[in-house]
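If you want the building blocks of each chain, they are given just below.
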Amino acid sequence: MALMALSLTTTLASKPWTKGGFETNQYRNLLVEMGYAKADVDAKLKEVFNDVFRGPNKVYFEVGDTMGYVSDVKNHDARTEGMSYGLMIAVQFGEKDIFDRLWRWSKRYMQHQDGSRKGYFAWSCKTDGTHNAEGAASDGELYFITALIFASNRWGNDTGINYKAEAQHILDCIQPREYTPEPRPGFGGFAPQQTGPQKMYLIDPETRLITFTPDGFGQRFTDPSYHIPAFYEVWARWADDGRADYWSDCAAKSRAFLHKCINEKTGLNGDQCQYDGSEMQMPRFPGMQQGPQGAPRRNGNNNFRYDSWRVPMNIALDYEWSCADQQWQQQYGEKIQNFFYSQGVNTFVDQYRPDGTLPEGNEILGAGGFRKLRHSIGLVATVAAASVMCSHDKSKEFVDALWNAKHEPFDDGYFDAYYDGLLRLFAFMHLSGNYRVIPPTK
């Protein structure tokens, strides 16, 4: 009877849920379902959190009595990516002091308080707050808004920061408006400088898809890893900005886009792509090897690499919270895990072409002074997080691989405490049922 009960439990645990947290306010602790003890799971989650925020390799640093920042240590800067991730993690863990410190630093040093970029955030700053760049990277705003709404729902708006008002201010500022861009080099050396008045927008008005950057050349295309439809569902429910139907439609458009940009065979996607899901088409330049329609024969932006790692985890989040596209999401989760399983659970590398072949030469995106394919723990983490969508037996092997993986320097000295560390923490939040919708407490 005991064996029969164990078999039944295993079968039930491997069956993905059909309703999301918006509806049920329930979340799977997949680690416990797969046999890990609850006490060990809780200890592991605390350990991984401390690695990011309090340990010897932490990426969170306090400034004075009221502020703090998250740093991409290997690049010696603070980015809207890491700052907004830090806010989301802090509100999920109920760490109000960390949240408030990060928000005060973000508002003081990153957010433009006036001018054509008012309300947007400079995507990269030195750790003293000096801007490395003035423009925004659209995923930062996406996370800032959602984290602030959750903070409002969790702590209210009368404890020193009016979180909802701050979120609504950003939401107002990201609406299309005219601006005149300052002179600067073209994007990545590819785009000529544009002159004259232009429109600035976080969400492309025609497709209702998030831009890569909300101005200039970067708003002509998108980044699949910026697509988190569940965040728009949060805005529709609790932003109270008069745009609920619009945000719900953005969520639906984003889900439809993900169907188009992902390789049907491998489940992989490029770092960037056109709004219709097709590969980036760059202009011709002298001496560049050309493919059809003017595209370079090998364009690394079309490959699955660092940004792309986030896509499995983002789709898992939408599945956990909304379940609005559950059938496709379950198929996607197993498809991408099948691909990485074919590459070896403990040996797959961190960059591929969408068809599953390996990149070569300058296609390989460097990091930390190295240009090398690795078995990176950040990707180990996001592929494991996809297990919440899966019912095949392979999913446990990916979860076990993450549980046993050590976040430590490679033999050549390369170590990424920041990106790998944050994705690892997010994955354990997913797998332990601790990445949740935070509804209003009143």
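Computed from a predicted structure; not experimentally measured.

Quick word on the pattern of salt bridges
For the structure shown, the criterion picks out 30 salt bridges. For Lys 107, the salt bridge goes to Glu 166, with nearest N and O atoms at 2.6 Å. Pair noted here: Lys 107 is in helix H6 (residues 96-110) and Glu 166 is in helix H8 (residues 163-173), with a separation of 59 residues, a long-range link. Ionic contacts of the salt-bridge type, sharing partners, join the residues Asp 72, Lys 74, Asp 77, Arg 79 and Asp 416 into one network.

Digging into the pairing of strand E2 (residues 67-70)
Judged by which residues are buried, E2 turns out to be covered on both faces: Met 67 and Tyr 69 on one side and Gly 68 and Val 70 on the other are all buried. Hairpin connection, strand E1 (residues 60-63) to E2: the antiparallel pair is bridged by three residues, and Gly 64 has positive phi, about 60°.

Looking at the packing of helix H7 (residues 138-155) against H8
Relative placement of two packed helices is described by the angle separating their axes and the distance separating the axes. One way to put it is that H7 packs onto H8 with a least axis distance of 8 Å and a crossing angle of 155°. Taken together, the axes of H7 and H8 are roughly antiparallel relative to one another. Handedness of the crossing formed by H7 with H8: left-handed. Along the contact surface, H7 presents Glu 141, Phe 144, Ile 145, Leu 148, Ile 149, Ala 151, Ser 152 and Trp 155, while H8 presents Tyr 163, Lys 164, Glu 166, Ala 167, Ile 170 and Leu 171. Among the residues forming the contact of H7 with H8, the class breakdown is 10 nonpolar, one polar and three charged.

Quick notes on the side chain of Asp 416
Tracing the sequence through the fold places Asp 416 in the loop between helix H14 (394-404) and helix H15 (419-431). In terms of polar contacts, Asp 416 uses its side chain to reach the backbone amide nitrogen of Tyr 418, at 3.1 Å. Residues within four places of Asp 416 in sequence aside, it is in contact with Asp 72, Lys 74, His 407 and Gly 421.

Section: the packing of helix H12 (residues 326-342) against H14
Where H12 meets H14, the closest approach of the two axes is 10 Å, and the angle between their N-to-C directions is 65°. By the angle between their directions, the pair H12 and H14 is classed as roughly perpendicular. Once H12 is placed against H14, the crossing between them reads as left-handed. Side by side, H12 and H14 meet where Gln 337, Asn 338, Phe 340 and Tyr 341 of the first sit next to Lys 394, Ser 395, Glu 397 and Phe 398 of the second. For the contact of H12 with H14, the class distribution of residues is three nonpolar, three polar and two charged.

Some points on the nonpolar core
Ranked by size, the top nonpolar core spans 133 residues in total, and within it Phe 99, Phe 231, Trp 235, Trp 321 and Phe 340 carry the most contacts. Broken down by element, the residue count for this core peaks at 10 residues, all from H7. Ignoring sequence-local partners within four residues, the contact set of Phe 99 consists of Leu 87, Ala 90, Val 91, Ala 147, Leu 148, Ala 151, Trp 155 and Tyr 163.

Looking at H15
For H15, built from 13 residues, the straight-helix expectation of 18 Å at 1.5 Å per residue is met to within 8% by its first-to-last C-alpha distance of 18 Å. Most of H15 is tucked away, with 13 of its 13 residues classed as buried.

Thoughts on the pairing of E1
Where E1 lies against E2, four bridges are found, and the strand directions are antiparallel. Pairing of Val 63 across the sheet is with Met 67, part of E2.

Rules used in this analysis
Residues numbered from 1 in each chain as written. Predicted model: local features only at pLDDT ≥ 70, side-chain atom pairs only at ≥ 80, totals over all residues. Heavy atoms only, no water. Salt bridge = Lys/Arg side-chain N within 4 Å of Asp/Glu carboxyl O. Helix = DSSP H or I, 4+ residues; strand = E, 2+ residues; numbered from the N terminus. Buried < 20%, exposed > 50% of the residue type's maximum accessible area, 1.4 Å probe, protein only. Pairing = 2+ DSSP bridges. Axes fitted to C-alpha atoms, helices over the stretch in contact; angles between N-to-C directions. Parallel < 35°, antiparallel > 145°, perpendicular 65-115°, else oblique. Left-handed = near helix turned anticlockwise from the far one by under 90°. Contact = heavy atoms within 4.5 Å. Nonpolar A, V, L, I, M, F, W, Y, C, P; charged D, E, K, R; others polar. Polar contact = N/O pair within 3.5 Å; in protein donor to acceptor, adjacent residues only side chain to side chain. Core = buried A, V, L, I, M, F, W, Y, C linked by side-chain atoms within 4.5 Å. Expected span 1.5 Å × (residues − 1).

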